[in-house]
Amino acid sequence: MDWQTSEDTVPSAPITEADARLLRARPPATGAWRDGDPAGDRRFAALGSFRTEGGRELPSIRLAYETWGTLSERRDNAVLILHALTGDSHVRGPAGPGHATAGWWDDVVGPGAAIDTDEWFVVAANILGGCQGSTGPASIAPDGYEWGPRFPHLTVRDQVDAQARLADALGIQVWAAVVGGSMGGMHALEWAIGHADRVARLAVLCSPPTTTADQVALNSVQLEAIRMDPRFAGGDYYDAADGEGPHRGLALARRMALLNYRSPTELNQRFGRSWQSDKDPLREGGRYAVESYLDFHGNKFTRRFDANAYLTLVEAMNSHDVGRGRGGIEDALAQVAARTLVLGIDSDRLFPVDGQRRISRGIRSTIDDDTVVLSSDFGHDGFLIETEAVGHHLRRLLEV
């Protein structure tokens, strides 16, 4: 169904009345995947107790993951794909029971695709702290209640350490490639620095070497939108009835984020000053089409995500700084040994190209003299939408 397609992977488009009708039911208190829900294509790895960088102990963690292709006898053809902030393990495949949206990179991963599953064994996991099967705030704690606001603060490095445990459980010592975009690119960089001997090739797409003050500031407004929702209830909302959870704050945070994910050019070209209906926004209480677009996707988001998980993951993203404790960014990047592709989008206003260029300058094993910069009107989400161009460059990397 069209409405189940992730807004991140398609161009912006006006919302029809039929679209809006599909989301008129009250949203649940949380859109998290819960035990007892259909598993879909997920598998689960129990990874034991886990101690965070901050010294907090989780008595047990698990990661939900999916795989495609066949692991070779030598275990040398494994590719790890790392998702963005609100993504999940469902890189390819249809929407259906257990999967609210279709695969977010269907055109890039699969038989004969750029990451060819006839050749490569592809693994994608929902990150620690997420809400689609991996341990996170919506998971049940040892006392029988959701972790909720008690869930520990995580860093990007914590999440990569959990992924390394998954690799161990799968018997994969060295990844043929680690590929990540946006927040997934932060994880990919940490893999190539903190576990340099386990990464043969690296693809960093639309991701910076550190989360800047500007980006932390943008994130802080989204976090406050959730916390200010009276129905957030300090993070203890899981027993709330449908429509009584923090969906307004979460939807507002998502609307703010979408403005950073897309470019002014795309929004202006797609919507202009068009109205959503026949009602004049200036005189009759009507709305502009772009307002309805943001409302619709914010509302849809609350049906597949958890407010506490959003806080956890955004705060983890704020922790990103490859130079922390390593002598600075340049010293950290110099530790990367993997053959590396660095790609950016010229209209990206969330993680502008200057961040990717700094990564390219710092890594001595890039396959290009400079960052690959794609021209696109789609802004940050271009790495999910411009699949033909992105796939071309991923093929180049995998052929090295």
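These numbers were taken from a predicted model, which means no experiment stands behind them. (Residues numbered from 1 in each chain as written. Predicted model: local features only at pLDDT ≥ 70, side-chain atom pairs only at ≥ 80, totals over all residues. Heavy atoms only, no water.)

Q: Explain the pairing of strand 4 (residues 62–68) residue by residue, including any values.
A: Consecutive residues of a regular strand have side chains that alternate between opposite faces of the sheet. Most of strand 4 sits out of view: six of its seven residues are buried. In the sheet, strand 1 (residues 43–46) pairs with strand 4 via four bridges, with the strands oriented antiparallel. For Ala-45, the partnering residue across the bridge sits in strand 4 and is Leu-63. Strand direction decides the pairing type here: strand 4 and strand 8 (residues 121–125), joined by four bridges, are antiparallel. Counted as the bridge partner of Glu-66 is Ala-124 from strand 8. (Buried < 20%, exposed > 50% of the residue type's maximum accessible area, 1.4 Å probe, protein only. Helix = DSSP H or I, 4+ residues; strand = E, 2+ residues; numbered from the N terminus. Pairing = 2+ DSSP bridges.)

Q: Report on unusual backbone geometry, specifying residues and quantitative values.
A: Of note, Arg-75 is a non-glycine position whose phi angle comes to about 55°, a positive value. Note that Arg-75 resides in the loop between strand 4 and strand 5 (78–82).

Q: Quick one: what's the story with the pattern of salt bridges, residue by residue and with numbers?
A: Counted under the stated rule, the structure contains 19 salt bridges. Close ionic contact of Arg-51 with Glu-57 constitutes a salt bridge, the shortest N to O distance being 3.3 Å. Overall, the relative accessible area of 55% leaves Arg-51 in the exposed class. If you follow the salt bridges from partner to partner, you end up with Arg-157, Glu-190 and Arg-326 in one network. (Salt bridge = Lys/Arg side-chain N within 4 Å of Asp/Glu carboxyl O.)

Q: A description of helix 4 (residues 213–227) should follow, citing residues and the corresponding values.
A: Compared with an ideal rise of 1.5 Å per residue, which puts 15 residues at 21 Å, helix 4 spans 21 Å between its outermost C-alpha atoms and is within 8% of the ideal. Regarding helix 4, the residues found buried are Gln-215, Asn-219, Gln-222, Leu-223, Ala-225 and Ile-226. Taken around the axis of helix 4, the buried residues stretch over an arc of 155°, which confines them to a single face. Residues of helix 4 that are exposed and point more than 90 degrees away from the buried face comprise Ala-213 and Asp-214. Elements that come into contact with the buried residues of helix 4 comprise helix 5 (247–261) and helix 8 (307–318). (Expected span 1.5 Å × (residues − 1). Arc of directions from axis to C-beta. Contact = heavy atoms within 4.5 Å.)

All we've got here are geometric facts, nothing functional implied.
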